[in-house]
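Summary of structural features
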Amino acid sequence: MPIATVNPANGETVKTYEAMDEEELERRLQLAEATFRTYRTTSFEERARLLNRAADLLDEDTPDIGRVMTTEMGKPVKQARAEAAKCAKAMRWYAGRAAELLADERPAEADVRDSGASRALVRYRPLGPVLAVMPWNFPLWQVVRFAAPALMAGNVGLLKHASNVPQTALYLEDLFHRAGFTEGVFQTLLIGSGPVDEILRDERVKAATLTGSEPAGRAVASTAGEMVKKTVLELGGSDPFVVMPSADVERAAEVAVTARVQNNGQSCIAAKRFIVHSDVYDAFTERFTEGMKALRVGDPQAEDTDIGPLATEQGRADLEELVDDARRGGASVLCGGERPEGPGWYYPPTVLAGVGREMRIHREEAFGPVATVYRADGLDEAVLIANDSPFGLSSNVWTRDEAEVDRFVRDLEAGGVFVNGMTASHPALPFGGVKRSGYGRELSGHGIREFCNITTVWHGA
């Protein structure tokens with residue numbers, strides 16, 4: 001895949017880039033290793049000062065970088081600006097809390113004495129250069145949610161971004177440099193996917209994090225396992241959105257629309273499978289379908305656009321295949337389902353009902369504004385349908401019954417359960433999944449400790 005900005009609203013190539021050669025990659029790896037030796041000794045106060053400065057610069061740059069993100073991957077520009085603001089918030093959150101999150105931990109005195117020590121503690125130390133392989137769908141946020149905690153922990157970052165968002169990738173390196181971070185603290189590697197394996201095998205790279213497809217995750221995990229290196233993987237998702245009879249059905253349907261089509265439906269944590277109790281199935285499905293029909297599809301640079309184009313031509317083709325397979329299998333298309341005429345990689349908001357287990361869309365992730373609606377006769381069946389997926393990223397549950405809440409929290413196979421609301425990420429809350437959605441956690445204290453050497457310090461009597 002060429003490294004290029006191709007506007008998905010019209011298919012026009014805006015700018016192309018030459019991939020870095022082996023000599024430049026070697027220079028950057030050397031720089032990362034050398035920079036880490038000194039950066040790891042900087043204080044939390046100094047790192048926080050630099051990260052807060054990066055947040056301030058990002059705030060200033062938001063209108064411009066928002067337009068760049070929209071040009072590169074098609075999200076509505078108002079959502080692009082919101083993404084930039086979220087990144088600045090995460091930077092400030094980690095700048096203010098990293099010292100506390102990574103403070104020395106001291107065991108109970110009785111346990112210290114029992115170990116034969118006069119004193120003991122646990123210290124979190126940085127690992128070194130971390131390779132981040134990142135996707136195009138949230139081209140700022142996916143990177144910052146790795147970079148902010150990693151840099152505050154004393155690591156240095158090497159970014160291999162998706163090849164269709166090169167301007168955003170280069171902006172991130174420039175942002176951290178302008179903020180005052182030493183050149184080698186955060187570097188963008190403008191490369192395709194080919195060199196990733198070799199870079200991960202390099203002894204100077206100590207760990208890796210990947211957000212992306214399941215095949216990409218398998219490849220990185222395989223190499224990292226062979227090299228015995230730590231990885232964090234956030235892969236696909238096909239999140240359930242369960243609606244029970246006690247729910248506020250009107251509100252649930254309203255939120256369901258946003259939960260499905262955020263980021264043009266190209267979000268791992270978007271709700272994709274809507275599992276509705278029979279008692280409220282008709283009411284919910286009618287409201288939900290009408291809400292999907294009412295969305296404005298158009299120019300992503302326009303302020304009143306709800307849904308822009310899909311990011312790539314192949315992505316739209318993949319989505320069409322899933323819908324067509326479901327239609328051939330007998331699913332009902334309640335709205336959408338047909339590619340519009342004209343330029344750009346647009347696809348309409350689509351609702352499918354009557355989806356069976358034999359259909360591809362039941363097992364595969366639909367990465368675009370396509371929803372599937374299921375009928376469940378009770379809580380047990382709702383849980384079975386929700387868990388009948390290879391993915392387990394997050395989940396949404398709508399009910400006013402606390403006993404039902406407890407049951408869903410106990411039994412849903414997911415990294416998160418959001419009750420009477422839609423899944424969202426926040427710096428204070430750990431983010432990640434189970435099953436084929438990956439392993440490890442980003443954000444919160446859990447995220448900042450993922451790439452730390454958890455060191456036991458023991459003193460004899």
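One can find the structure itself at the top, above this paragraph.
Structure report, in brief. Everything numeric here is computed off the predicted structure, so don't read it as measured data.

**Remarks on the layout of surface pockets**
Volume-wise, the largest pocket comes out at about 1200 Å³. Taken together, 43 residues make up the lining of the largest pocket; nearest its centre are Trp136, Gly212, Ser213, Glu214 and Ala216. Elements with a minimum of two residues in the lining of the largest pocket: helix H7 (196-201), strand E7 (207-211), helix H8 (214-227) and helix H11 (313-328). Ranked by the residues each element gives to the lining of the largest pocket, the list is headed by H8, at 6 residues.

**Side note on empty space enclosed by the protein**
Evaluation of the coordinates by the stated rule reveals 4 cavities of 30 Å³ or more. The calculated volume of the largest cavity comes to roughly 90 Å³. If you go around the largest cavity, you meet 13 residues; those closest to its centre are Arg145, Phe146, Pro149, Gly447 and Phe451. At the level of elements, helix H5 (141-152) and helix H15 (444-449) are the ones that each hand at least two residues to the lining of the largest cavity.

**Regarding the pairing of strand E4 (residues 129-133)**
Burial runs high along E4: 5 of the 5 residues are buried. The alternating pattern of E4 places Pro129, Leu131 and Val133 on one face and Val130 and Ala132 on the opposite face, and all of these are buried. Direction of pairing for E4 relative to strand E5 (residues 156-160): parallel, over a ladder of 5 bridges. Residue pairing in the sheet places leucine 131 in a bridge with leucine 158 of E5.

**Remarks on the environment of serine 395**
Note on placement: serine 395 falls in the loop between strand E14 (391-392) and strand E15 (396-398). As for serine 395 and alanine 414, which are separated by 19 residues in sequence, their C-alpha atoms are 6.4 Å apart. Aside from chain neighbours lying at most four places away, what touches serine 395 is Asp239, Pro240, Leu412, Ala414, Gly416, Val417, Phe418 and Thr423. Looking at serine 395, its side chain comes within polar contact range of the main-chain oxygen of glycine 416, at 2.8 Å.

**Some remarks on the side chain of glutamate 320**
Among the structural elements, glutamate 320 can be located in helix H11. Of the residues examined, glutamate 320 reaches a relative accessible area of 15% and is grouped as buried. Setting aside chain neighbours within four positions, we find glutamate 320 in contact with Arg339 and Tyr347.

**Description of the nonpolar core**
Counting residues in hydrophobic clusters, the biggest one holds 82 residues, and the most contacted among them are Leu58 and Leu131. Of all the elements, helix H3 (residues 77-101) adds the most residues to this core, at 11 residues. Setting aside chain neighbours within four positions, we find leucine 131 in contact with Leu158, Lys160, Leu189, Val196, Ile199, Leu200, Val205, Ala207, Ala208 and Thr209. Core analysis: the next-biggest nonpolar cluster, separate from the first, contains 27 residues, Phe241, Phe284, Met292 and Ala371 among them.

**Notes on the environment of threonine 456**
As for its position among the elements, threonine 456 is in strand E19 (residues 452-460). For threonine 456 and proline 149, which are 307 residues apart along the polypeptide, the C-alpha to C-alpha distance reads 21 Å.

**Things to note about the sheet that holds strand E16 (residues 418-419)**
Overall, mixed pairing links the 7 strands, which are arranged E11-E12-E13-E10-E9-E15-E16 in an open sheet. Of all strands in the sheet, those bounded by a partner on one side alone are strand E11 (332-335) and E16. The strands touched by helix H9 (residues 249-261) within the sheet are strand E9 (239-243), strand E10 (271-277), strand E13 (370-376) and E15, with E10 carrying the most contacts at an inclination of about 160°.

**So, a negative patch on the surface**
Among the surface-exposed residues, Asp21, Glu22, Glu23 and Glu198 lie close enough to one another that they form a single negatively charged patch. One can find glutamate 22 in helix H1 (residues 22-39).

**Here we look at the packing of helix H13 (residues 379-387) against helix H14 (residues 402-411)**
Where H13 meets H14, the closest approach of the two axes is 11 Å, and the angle between their N-to-C directions is 30°. With respect to each other, H13 and H14 are oriented roughly parallel. In this structure, the crossing between H13 and H14 has a hand that is right-handed. In this structure, H13 contributes Leu379, Asp380, Ala382, Val383 and Asn387 to the contact, and H14 contributes Glu404, Arg407, Phe408 and Asp411. Per-class residue counts for the contact of H13 with H14 are 4 nonpolar, 1 polar and 4 charged.

**Points about the sheet that holds strand E18 (residues 438-439)**
Pairing is mixed across the open sheet formed by 6 strands, whose spatial order is E6-E5-E4-E7-E8-E18. The sheet terminates laterally at strand E6 (186-188) and E18, the two strands that pair on one side only. Sheet topology places E5 next to E6; 3 bridges connect them, and they run parallel. What sits directly across from glycine 157, in E6, is phenylalanine 186. Sitting on the sheet, H1 touches E4, E5 and E6, and the angle it makes with E5 is about 155°. H5 contacts E4, E5, E6, E7 and strand E8 (230-234) of the sheet and is inclined by roughly 165° relative to E5.

**Section: the side chain of glutamate 83**
Along the chain, glutamate 83 turns up in helix H3. In this structure the side chain of glutamate 83 is engaged in a polar contact, spanning 2.9 Å, whose partner is the backbone nitrogen of leucine 140. Contact partners of glutamate 83, with chain neighbours within four places excluded, come to Met69, Lys75, Phe138, Pro139, Leu140 and Trp141.

**A few points about H8**
In a regular helix each residue adds 1.5 Å, so 14 residues correspond to 20 Å; H8 covers 20 Å between its end C-alpha atoms and thus fits that length. Just beyond H8, the residue with positive phi is valine 228, at close to 55°.

**So, the packing of aromatic side chains**
Summed over all chains, the structure comprises 11 aromatic pairs. With centroids separated by 4.9 Å and ring planes inclined at 85°, the aromatic side chains of tryptophan 93 and tyrosine 94 adopt a geometry described as edge-to-face. In this pair, the class of tryptophan 93 matches that of tyrosine 94, namely buried. Taken together through their ring pairs, the aromatic side chains of Phe241, Phe274, Phe284, Phe288 and Trp398 make up a single cluster. When the ring centre of tryptophan 141 is taken as origin, the NZ or CZ atom of lysine 86, which lies over that ring, is 4.6 Å away. Looking at arginine 375, its charged tip hangs above the ring of tyrosine 281, at a distance of 4.0 Å from the centre.

Basis of the calculations
- Residues numbered from 1 in each chain as written.
- Predicted model: local features only at pLDDT ≥ 70, side-chain atom pairs only at ≥ 80, totals over all residues.
- Heavy atoms only, no water.
- 1 Å grid on protein atoms, 1.4 Å probe; cavity = no way out; pocket = protein on both sides within 12 Å on 5 of 7 lines; lining within 4 Å.
- Points joined across faces, edges and corners; volume = space filled by probe spheres on them.
- Helix = DSSP H or I, 4+ residues; strand = E, 2+ residues; numbered from the N terminus.
- Buried < 20%, exposed > 50% of the residue type's maximum accessible area, 1.4 Å probe, protein only.
- Pairing = 2+ DSSP bridges.
- Contact = heavy atoms within 4.5 Å.
- Polar contact = N/O pair within 3.5 Å; in protein donor to acceptor, adjacent residues only side chain to side chain.
- Core = buried A, V, L, I, M, F, W, Y, C linked by side-chain atoms within 4.5 Å.
- Axes fitted to C-alpha atoms, helices over the stretch in contact; angles between N-to-C directions.
- Patch = residues over 30% accessible without salt bridge, like charges linked within 9 Å, V, L, I, M, F, W, Y side chains within 5 Å.
- Areas by Shrake-Rupley, 256 points an atom, 1.4 Å probe, with all protein chains shown as cover.
- Salt bridge = Lys/Arg side-chain N within 4 Å of Asp/Glu carboxyl O.
- Lys, Arg positive; Asp, Glu negative; His and termini not counted.
- Charge placed at Lys NZ, Arg CZ, Asp CG, Glu CD.
- Parallel < 35°, antiparallel > 145°, perpendicular 65-115°, else oblique.
- Left-handed = near helix turned anticlockwise from the far one by under 90°.
- Nonpolar A, V, L, I, M, F, W, Y, C, P; charged D, E, K, R; others polar.
- Expected span 1.5 Å × (residues − 1).
- Phe/Tyr/Trp six-rings, centres within 6.5 Å; stacked < 30°, edge-to-face > 60°.
- Lys NZ or Arg CZ within 6 Å of the ring centre and 35° of its normal.

Without other data, these values stay purely geometric and don't point to any function.
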